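Structure at a glance
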Amino acid sequence: KQEVTQIPAALSVPEGENLVLNCSFTDSAIYNLQWFRQDPGKGLTSLLLIQSSQREQTSGRLNASLDKSSGRSTLYIAASQPGDSATYLCAVQWGKLQFGAGTQVVVTP
Amino acid sequence: SAVISQKPSRDICQRGTSLTIQCQVDSQVTMMFWYRQQPGQSLTLIATANQGSEATYESGFVIDKFPISRPNLTFSTLTVSNMSPEDSSIYLCSVEDWQTYEQYFGPGTRLTVT
């Protein structure tokens, strides 16, 4: 069964610390993996897409890595800010997009 | 990236009624997707809508409850029929970039059924 797991479910850090969010998946035969951000009661904002053939993607303070052999992806957010507070969702495409349950992040000033 | 709008943004409906949610994209796309996000939960795919063909529903979702229209390459509707409080959720529309397979989401429709 293809499953996506995100640990931890919630995370609180002081402003300025680096954030490390983990995503694991059960089947390495993926097309791609995508990280999203969701603010309360809102839609999803695409942060990074990593194709199956790639090892990482970077956008500003965000860096996402992909290790298919171990079934893991990590999203790093450098120098966190209160505006980074949101739920971060990992989604794996095996045909259709399958989502993890998300990590709720709070960055305290 | 695609820009997606949804109407209504939120609604409060009575049990037994139906609501139609509209999704508009600023560019032509082949595949459109409808998701449901129940309170405190992650996203679940309801169906995939391709223009010119019947929507494909995921396990647990049926056309009588969630009829979908896809009249052209920029527009789709999802109807939530004969609503019950269990249908209270955020409903999201998304599209896929045919070149990169990146998915983009609309702002969602927050539905409360009383």
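Everything discussed here concerns the structure shown above.
Residues numbered from 1 in each chain as written. Chains lettered and ligands numbered in written order. Predicted model: local features only at pLDDT ≥ 70, side-chain atom pairs only at ≥ 80, totals over all residues. Heavy atoms only, no water.

When helices and strands are counted, chain B shows zero helices and eleven strands. Counting from the amino terminus, chain B carries its helices and strands in the arrangement β-β-β-β-β-β-β-β-β-β-β. The C-alpha radius of gyration computed for chain B amounts to 13 Å, which stays within 12% of the reference 13 Å derived for 114 residues, consistent with globular compactness. Projected onto its principal axes, the C-alpha positions of chain B cover 40 × 25 × 20 Å. The buried share of chain B, taken over its 114 residues, is 51%. For chain B, the computed accessible surface area is about 5,700 Å², with 48% contributed by carbon and sulfur atoms. Looking at charge distribution, chain B has the averaged site of its 7 positive side-chain charges lying 10 Å from that of its 10 negative ones. (Helix = DSSP H or I, 4+ residues; strand = E, 2+ residues; numbered from the N terminus. Rg over C-alpha atoms; globule rule 2.2 N^0.38 Å. Buried < 20%, exposed > 50% of the residue type's maximum accessible area, 1.4 Å probe, protein only. Areas by Shrake-Rupley, 256 points an atom, 1.4 Å probe, with all protein chains shown as cover. Lys, Arg positive; Asp, Glu negative; His and termini not counted. Charge placed at Lys NZ, Arg CZ, Asp CG, Glu CD.)

Another aspect to go through is the sheet that holds strand S8 (residues 72–77) of chain A. Residue and element names in this part refer to chain A. Reading across the sheet, the five strands line up as S1-S3-S8-S7-S6 and stay open at both edges, with antiparallel pairing between neighbours. Two strands close off the open sheet at either side, each with one partner strand: strand S1 (4–7) and strand S6 (56–59). Put simply, the sheet's adjacent strands are angled 15° from each other on average, direction ignored. Relative to S8, strand S7 (residues 62–67) runs antiparallel, the two being bridged by six bridges. Paired with Asn63 across the two strands is Tyr76, which belongs to S8. (Pairing = 2+ DSSP bridges. Axes fitted to C-alpha atoms, helices over the stretch in contact; angles between N-to-C directions.)

A separate point is the interface of chain A and chain B. Interfaces are often sized by the amount of accessible area the parts lose when they come together. Contacts between chain A and chain B engage 18 residues on the former and 17 residues on the latter. Run the count over chain A and chain B and you get one salt bridge. The interface formed by chain A and chain B holds eight residue pairs in polar contact (both at pLDDT 80 or more) in total. Contributing elements (two or more residues each) for the side of chain A that touches chain B: strand S4 (32–38), strand S5 (44–51), strand S9 (86–93) and strand S10 (97–99) of chain A. For the side of chain A that touches chain B, a count of residues per class yields seven nonpolar, nine polar and two charged. (Contact = heavy atoms within 4.5 Å. Salt bridge = Lys/Arg side-chain N within 4 Å of Asp/Glu carboxyl O. Polar contact = N/O pair within 3.5 Å; in protein donor to acceptor, adjacent residues only side chain to side chain. Nonpolar A, V, L, I, M, F, W, Y, C, P; charged D, E, K, R; others polar.)

Here we take up the state of the cysteines. All names here are of chain B. Inspection of every chain in the model, using the stated rule, returns two disulfides over all chains. Note on cysteine connectivity: Cys23 is disulfide-linked to Cys93, with sulfurs 1.9 Å apart. With the S-S dihedral at roughly -60°, the linkage between Cys23 and Cys93 falls on the left-handed side. With Cys23 in strand S3 (residues 19–25) and Cys93 in strand S9 (residues 89–96), this residue pair connects regions lying 70 residues apart in the sequence. Classification of Cys93 by relative accessible area gives buried; the value is 0%. In this model Cys13 remains outside any disulfide bridge; the closest cysteine sulfur is found in Cys23, 18 Å from its own. Among the residues examined, Cys13 registers a relative accessible area of 8% and is labelled buried. (Disulfide = S-S within 2.5 Å.)

Next up on the list: the side chain of Lys65 of chain B. Residues and elements named next belong to chain B. Structurally, Lys65 can be placed in the loop between strand S6 (56–57) and strand S7 (68–72). Of note is the side chain of Lys65, whose polar atom sits 2.6 Å from the side chain of Asp87. Excluding residues that lie within four positions of it along the chain, Lys65 makes contacts with Thr79, Val80, Ser81, Asn82, Met83, Ser84 and Asp87.

Residues and elements named next belong to chain B. As summarised here, the arrangement of the four strands in space is S1-S3-S8-S7, forming an open sheet in which the pairing is antiparallel. The strands lining the two open edges of the sheet, one partner per strand, are strand S1 (4–7) and S7. Neighbour-to-neighbour, the strand axes of the sheet open up by a mean angle of 15°, direction not taken into account.

Residue and element names in this part refer to chain A. For the peptide bond that leads from Ile7 to Pro8, omega is 5°, which places it in the cis range. Structurally, Pro8 can be placed in the loop between S1 and strand S2 (10–14). Here Ala79, not a glycine, exhibits a phi torsion of approximately 45°, which is positive. Position of Ala79 relative to the elements: it lies in the loop between S8 and S9.

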